[in-house]
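Residue-level structure breakdown
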Amino acid sequence: MAKYEFPKDFWWGSAASGPQSEGRVAGDGKADNIWDAWYQTAPEKFFNQVGPEKTSMVYQKYQEDISLMKQTGHNSYRTSIQWSRLIPNPFTGEVNPEAVTFYNHLIDDLIAAGIEPFINLYHFDMPMVLQENGGWLNREVVDLYTDYAETCFKLFGDRVKKWFTQNEPIVPVEGGYLYGWHLPDERNLKHGVQVAYHEALASAKAVEKYHALNLGGTIGIILNLMPTYPKDDTNPADVKAAKFVDGFFNRSFLDPAIKGTFPSDIVDWLGEYDLMPTYHQSDLVIIKENTIDLLGVNYYQPRRAAAKVIQVEPEGENGWMPEDFYTVYDMPGKKVNPYRGWEIYEKGIYDALINIKDNYGNIDCYISENGMGVEDEARFINANGQINDDYRIEFIQDHLKWVHKALEEGSHVHGYHMWTCMDNWSWLNAYKNRYGFISVDLDNEAKRTIKKSGYWFKEMTEQNGFSD
């Protein structure tokens, strides 16, 4: 029987976000973000027309939730502050006192329960008043974000010692400017590149502000790393295609965050196809001098790429798209989560960690998200009203085995957070797929019930590992 033991003080817990869990109540002072606004104008886009105001009611139920975190083995928990809640009008910078009270209580109660708060500053939730002024396309938003970050550090940095500037900065690029998952729902690669650049600059400027305050903690970024594999690793054209995909989707964010520079092959490609962002030379110094202390690694699935004959002109009417430069390879026989359509490839979590070890100075990191969304989990409720999600336990174990192997080989990985603590709202998918250790009954005032995986996680974290 194989036994997988993890280091003392390993960070066990889960991840969530403010916009996906907090909800809204009368008098909370929160302004609209892009999700609030999009739901108001196009509710039909959202699964079962469930909008962000109906999220998991953490704003009202956070004390109960912290108790449930203890019951499910958490020693740490990551969530985000909502910019539109804390500073409803970023142009004035005036702080919402109701938000300060809520976040103070949340942070203090987590700490009192022995659960360390990991706080992220941006999770796809651009204030709508800023999106109307261009969002991340507008350089002014970079400075307004930096002011917001500094406000958070000053308000909460005496207690919060692990900060993250952004979650998955590639997603606002993909969702907002390539594939139509987020507002502003454009198809414009050059705009997407500009957004990615401004996100990188904003992250570096927030790091600079945090370090200047000498608050005694660490600051990082959370990236969804998708190791990219060529269709045929003996075919140079497939290998080149995979390198491009890795460069665009992974290294374009890893390199500036950790090395302070952008990958030269991607910079050359941007120049060749007239996709270079607008920038100031002084920005590059800021990015170079303000790299992160800690990396959050979100891992769900790999990418697979094959060669493509590059056309002289873009294939679509919207100009160049990343897929004009490679072919998405659908590998026969792959294991798939049928509810999400994502490949399940456990070794990818190891490959991501070893890449960080070998190519990024073995920076301190942790698994900040990993999880399995399943539709209609009510099918698995037993006579005691508990969801028997053995598939989730198996999923976590199979990934943790590879995390353990990376640890044995010297990776500086310090923890594992599952997505998510309790079932929460997930953008256009709303509550279609459930991910939590804890179920949420939307028809019964968001009643919480611990799933089998939650009790398993408690036992596993108490033992600091598991046997196969």
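Please refer to the structure higher up on the page.
Everything in this summary refers to the structure shown in the same document.

The rules behind each value
Residues numbered from 1 in each chain as written. Predicted model: local features only at pLDDT ≥ 70, side-chain atom pairs only at ≥ 80, totals over all residues. Heavy atoms only, no water. Pairing = 2+ DSSP bridges. Helix = DSSP H or I, 4+ residues; strand = E, 2+ residues; numbered from the N terminus. Axes fitted to C-alpha atoms, helices over the stretch in contact; angles between N-to-C directions. Salt bridge = Lys/Arg side-chain N within 4 Å of Asp/Glu carboxyl O. Buried < 20%, exposed > 50% of the residue type's maximum accessible area, 1.4 Å probe, protein only. Contact = heavy atoms within 4.5 Å. Expected span 1.5 Å × (residues − 1). Arc of directions from axis to C-beta. Polar contact = N/O pair within 3.5 Å; in protein donor to acceptor, adjacent residues only side chain to side chain. 1 Å grid on protein atoms, 1.4 Å probe; cavity = no way out; pocket = protein on both sides within 12 Å on 5 of 7 lines; lining within 4 Å. Points joined across faces, edges and corners; volume = space filled by probe spheres on them. Nonpolar A, V, L, I, M, F, W, Y, C, P; charged D, E, K, R; others polar.

1. Quick look at the sheet that holds strand β10 (residues 327-328)
- The mixed open sheet is built from 3 strands, whose spatial order is β7-β9-β10. Pairing within the sheet leaves two strands with one partner each, and these edge strands are β7 (228-230) and β10.
- Pairing analysis gives 2 bridges linking strand β9 (residues 303-306) to β10, with the strands arranged antiparallel. Across the sheet, Ala 306 pairs through a bridge with Thr 327, a residue of β10.

2. Regarding the sheet that holds strand β5 (residues 162-167)
- Pairing is parallel in the closed barrel, where 8 strands are placed in the order β2-β3-β4-β5-β6-β8-β13-β15. Sheet twist, expressed as the average angle between the axes of neighbouring strands with direction ignored, equals 25°.
- Summarising the sheet, strand β8 (residues 294-298) and strand β13 (residues 365-369) pair through 4 bridges and their orientation is parallel. Pairing of Leu 295 across the sheet is with Cys 365, part of β13.

3. A short note on the pattern of salt bridges
- In total, this model carries 38 salt bridges according to the counting rule given.
- Here Asp 330 makes a salt bridge to Lys 334, at a shortest N to O gap of 2.9 Å.
- Across the salt bridge formed by Lys 452 and Asp 390, the nearest N and O atoms sit 2.6 Å from each other. Of this pair, Lys 452 sits in helix α15 (residues 452-463) while Asp 390 sits in helix α14 (residues 390-408); the two residues are 62 residues apart in sequence, bridging distant segments of the chain.
- Owing to a relative accessible area of 31%, Lys 452 belongs among the partly exposed residues under this scheme.
- Residue class for Asp 390 comes out partly exposed when judged on its relative accessible area of 40%.
- Salt bridges sharing partners connect three or more residues here, namely Glu 377, Asp 389, Arg 392, Asp 423, Arg 434 and Lys 451.

4. Overview of the environment of Ala 113
- In this structure, Ala 113 sits in the loop between α5 (97-112) and β4 (116-120).
- Along the backbone, Ala 113 and Ile 87 are 26 residues apart, and their C-alpha atoms lie at a distance of 28 Å.
- Every residue in contact with Ala 113, bar those within four places of it in the chain, is listed here: Ile 66 and Lys 70.

5. Considerations on α5
- End to end, α5 covers 22 Å across 16 residues, agreeing with the expected 22 Å (1.5 Å per residue, within 8%).
- Those residues of α5 lying buried are Ala 99, Val 100, Phe 102, Tyr 103, Leu 106, Ile 107 and Leu 110. In an axial view of α5, the angular spread of the buried residues amounts to 165°, which keeps them on one side of the axis. Away from its buried face, by an angle of more than 90 degrees, α5 presents the exposed residues Pro 97 and Ala 112.
- If you follow the buried residues of α5, they end up packed against α3 (58-71), β3 (76-80), α4 (83-86), β4 and α7 (139-156).
- The N-capping residue of α5, defined by a side-chain oxygen 3.1 Å from the backbone nitrogen of Glu 98, is Asn 96.
- One or two steps after α5, the chain reaches Gly 114, where phi turns positive at roughly 80°.

6. Regarding unusual backbone geometry
- Note that the residue after Leu 183, namely Pro 184, is joined by a cis bond; omega there is 10°.
- Here Pro 184 lies in the loop between α8 (170-177) and α9 (189-213).
- Going from Trp 419 to Thr 420, the amide bond is cis rather than trans, its omega being 15°.
- Looking at where Thr 420 falls in the secondary structure, it is placed in the loop between β15 (413-419) and β16 (433-434).
- Residues other than glycine seldom take positive phi values, yet Asn 48 does so here, at roughly 55°.
- Within the secondary structure layout, Asn 48 lies in the loop between α2 (34-41) and α3.

7. A look at the layout of surface pockets
- Empty space within the largest pocket amounts to approximately 1,000 Å³.
- Lining the largest pocket are 40 residues; nearest its centre among them are Glu 174, Trp 181, Gln 301, Arg 340 and Trp 342.
- Contributions of two or more residues to the lining of the largest pocket are made by α8, α10 (236-259), β9 and β12 (342-343).
- A breakdown of the residues in the lining of the largest pocket according to their chemical character gives 20 nonpolar, 10 polar and 10 charged.
- There is about 470 Å³ of room inside the second largest pocket.
- Around the second largest pocket sit 21 residues that line it, and Ala 378, Arg 434, Val 440, Asp 441 and Leu 442 are the ones nearest its centre.
- Contributing elements (two or more residues each) for the lining of the second largest pocket: β17 (438-441) and β18 (447-450).
- Sorting elements by how many residues they give to the lining of the second largest pocket places β17 first, with 3 residues.
- Each residue belonging to the lining of the second largest pocket can be placed in one class, and the counts come to 8 nonpolar, 4 polar and 9 charged.

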